[in-house]
Amino acid sequence: MNLESWVAEFLASRVLAERSGATVAWYRYILSSFVAWAGPGRVWWEVHQVRAFLATLQGRSEHRRGGVIVAGGLSASTRRGFRRGLSAFFRWCRKNNYIASNPMDLIEPVRNEKACPKAMLRSDFDRLLAAASGRDRVLLLLLRDSGARAGEVCSLTVGALDFTDRSAMVTGKTGERPIVFSVETALALAALVAGRGL
């Protein structure tokens with residue numbers, strides 16, 4: 001048997017294992033990419049060859065995303081997906097005694113890209129604030145002014161507010177700490193408290 005026949009048998013086993021159509025298609029995409037790279041009729045490979053294939057994913061000059069050709073290599077998340085797909089395939093090959101050892105056992109995992117949280121644009125926040133009213137508007141103002149966590153602001157009590165200093169004590173995962181807020185927020189808070197009869 002060769003690589004192509006193992007892949008066909010593996011995909012059939014995934015269907016019999018009642019994997020979803022999307023999962024089987026995902027395996028097919030990954031393994032057909034590997035077969036195309038390895039060349040037809042291959043009956044063996046070594047760890048360095050599998051590693052070289054995974055490296056080509058990062059080094060591509062372009063790739064297809066949603067039917068559009070995009071410049072650059074595949075993301076770390078996609079490369080991790082390829083590694084997972086190959087790991088499942090080689091694990092299956094080992095379990096069925098087609099190979100003596102799983103080459104993926106010696107291949108390092110793909111590191112996560114450090115994702116920076118995206119900050120909301122000021123214009124987006126201003127539109128959100130303009131659409132909000134009552135308690136929601138006050139919460140947004142407090143978040144904007146203080147940089148407090150949402151849970152800290154939502155758990156505020158009237159007793160924690162100090163309108164003279166325009167400050168409040170919030171309690172969160174780092175313990176209790178003071179926050180300060182603007183005159184606009186103080187006026188909105190006072191109106192909210194007065195309107196609720198607190």
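Everything in this summary refers to the structure shown in the same document. Fair warning: this is a prediction, and the values are worked out from it, not measured in the lab.

Attention now goes to the pattern of salt bridges. Counted under the stated rule, the structure contains 8 salt bridges. Among the salt bridges present, the one from D124 reaches R127, with a minimum N-O distance of 2.4 Å. Taken as a pair, D124 and R127 lie in helix α5 (residues 122-131) at a separation of 3 residues, close to a single helical turn. Looking at D124, the relative accessible area reads 29%, which means it is partly exposed. Owing to a relative accessible area of 54%, R127 belongs among the exposed residues under this scheme.

Phi at N97 takes a positive value of approximately 60°, unusual for a residue other than glycine. Tracing the backbone through its elements, the reader meets N97 in the loop between α4 (76-95) and α5. N97 sits in the exposed class, given a relative accessible area of 61%.

If you walk across this open sheet you meet the 3 strands as β3-β4-β5, and the pairing is antiparallel. Of all strands in the sheet, those with a lone pairing partner are β3 (161-162) and β5 (175-180), marking the two edges. Summarising the sheet, β3 and strand β4 (residues 167-172) pair through 2 bridges and their orientation is antiparallel. The residue of β4 that forms the bridge with L161 is A168.

Definitions and limits used
- Residues numbered from 1 in each chain as written.
- Predicted model: local features only at pLDDT ≥ 70, side-chain atom pairs only at ≥ 80, totals over all residues.
- Heavy atoms only, no water.
- Salt bridge = Lys/Arg side-chain N within 4 Å of Asp/Glu carboxyl O.
- Helix = DSSP H or I, 4+ residues; strand = E, 2+ residues; numbered from the N terminus.
- Buried < 20%, exposed > 50% of the residue type's maximum accessible area, 1.4 Å probe, protein only.
- Pairing = 2+ DSSP bridges.

This is a description of form; function is not addressed.
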